[in-house]
Amino acid sequence: MAPYSVLAPAALASLMHYASRAPAGAIVEVGVYQGGSAWHLAKLGRPLYLYDTFDGIPFQGALDTGNPVGKFADTSAAQVQALIPQARVIAGLFPDSLIDMEPIGFVHADADQYESTKAILAHMPARMVRGGFILFDDFGVPDCPGCTQAVYESPYRVLILGESGKALVIV
């Protein structure tokens with residue numbers, strides 16, 4: 001049985017649709033929480049890198065209105081590693097926690113916040129294969145205006161997915 005995921009079933013289906021169609025390469029998730037969506041991504045059989053503080057939301061800026069500091073702290077790197085043994089689980093504040101990885105084909109950006117989303121957009125594209133996908137889970141979410149703003153400020157063309165309202169960037 002699949003573990004709990006914060007993602008609604010339609011959002012999870014959309015995530016898997018795009019992840020399975022992304023170019024060959026590793027999969028990265030930034031904002032793992034308890035590993036529910038990462039568990040599904042692991043079924044694709046690609047190298048999987050999972051980044052999270054595992055201490056909950058690390059900070060709250062002016063545009064980060066929906067999730068207070070510490071929310072999503074009821075998890076641990078060990079818990080996620082036990083759930084997905086084949087994944088590389090990296091605890092720490094992104095992007096300070098970045099490690100060397102093979103080229104990336106897909107990024108699931110689920111970091112909820114302005115600064116974290118800006119960091120994903122600043123650090124991940126250079127590590128990705130040409131045509132790789134970054135899917136922004138919190139884009140357009142009323143409680144996460146910082147994520148939406150950071151995506152709009154990026155230099156990339158943004159595709160708004162009709163089925164979910166999420167944003168997709170192709171690098």
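*Asks:* Mind showing me how you'd approach the nonpolar core here?
*Replies:* For soluble globular proteins, nonpolar side chains are generally found buried alongside one another. Within the largest apolar cluster, 26 residues are counted, with the highest numbers of intra-cluster contacts made by Val28, Tyr51, Ile120, Met124 and Phe136. Counting only elements with at least two residues in this core, the list comes to strand E1 (26–30), strand E2 (48–52), strand E4 (104–109), helix H4 (114–123), strand E5 (128–136), helix H5 (145–153) and strand E7 (167–170). Not counting the four nearest positions on each side in its chain, Val28 is found in contact with Tyr49, Tyr51, Met101, Ile104, Phe106, Val107, His108 and Met124. Counting residues in each nonpolar core, the second largest holds 25 residues, with Leu7, Ile27, Ala38 and Val80 among its members.

*Asks:* Please explain unusual backbone geometry as it appears in this structure.
*Replies:* For residues besides glycine, phi is generally negative; the peptide bonds are generally trans as well. Residue Pro95 is bonded to the preceding Phe94 through a cis peptide linkage, with omega at 10°. By secondary structure assignment, the location of Pro95 is in the loop between strand E3 (88–91) and E4. Here Phe54, not a glycine, exhibits a phi torsion of approximately 60°, which is positive. If you trace the backbone, Phe54 turns up in the loop between E2 and helix H3 (77–83).

*Asks:* What should I look at first to understand the pairing of E5 in this one?
*Replies:* As a general feature of sheets, a regular strand has side chains that alternate between the two faces. Pairing of E4 with E5 involves 5 bridges; the strand directions are parallel. The partner of Phe106 across the bridge, within E5, is Phe133. The β-α-β motif built from E4, the intervening H4 and the parallel element E5 has right-handed crossover chirality.

*Asks:* Teacher, can you tell me more about the packing of aromatic side chains here?
*Replies:* Aromatic ring pairs: the centre-centre distance and the angle between the two ring planes describe each pair. A complete count under the given rule lists 3 aromatic pairs for this structure. Taking the centre distance of 5.0 Å and the plane angle of 70° together, the rings of Tyr33 and Phe72 count as edge-to-face. In this pair, Tyr33 is assigned in the loop between E1 and helix H2 (36–42) and Phe72 in the loop between E2 and H3, connecting sequence segments 39 residues apart. For Tyr33, a relative accessible area of 16% gives the class buried.

Each value, and the rule that gives it
- Residues numbered from 1 in each chain as written.
- Predicted model: local features only at pLDDT ≥ 70, side-chain atom pairs only at ≥ 80, totals over all residues.
- Heavy atoms only, no water.
- Core = buried A, V, L, I, M, F, W, Y, C linked by side-chain atoms within 4.5 Å.
- Buried < 20%, exposed > 50% of the residue type's maximum accessible area, 1.4 Å probe, protein only.
- Helix = DSSP H or I, 4+ residues; strand = E, 2+ residues; numbered from the N terminus.
- Contact = heavy atoms within 4.5 Å.
- Pairing = 2+ DSSP bridges.
- Right-handed = clockwise from strand over helix to strand, strands pointing away.
- Phe/Tyr/Trp six-rings, centres within 6.5 Å; stacked < 30°, edge-to-face > 60°.

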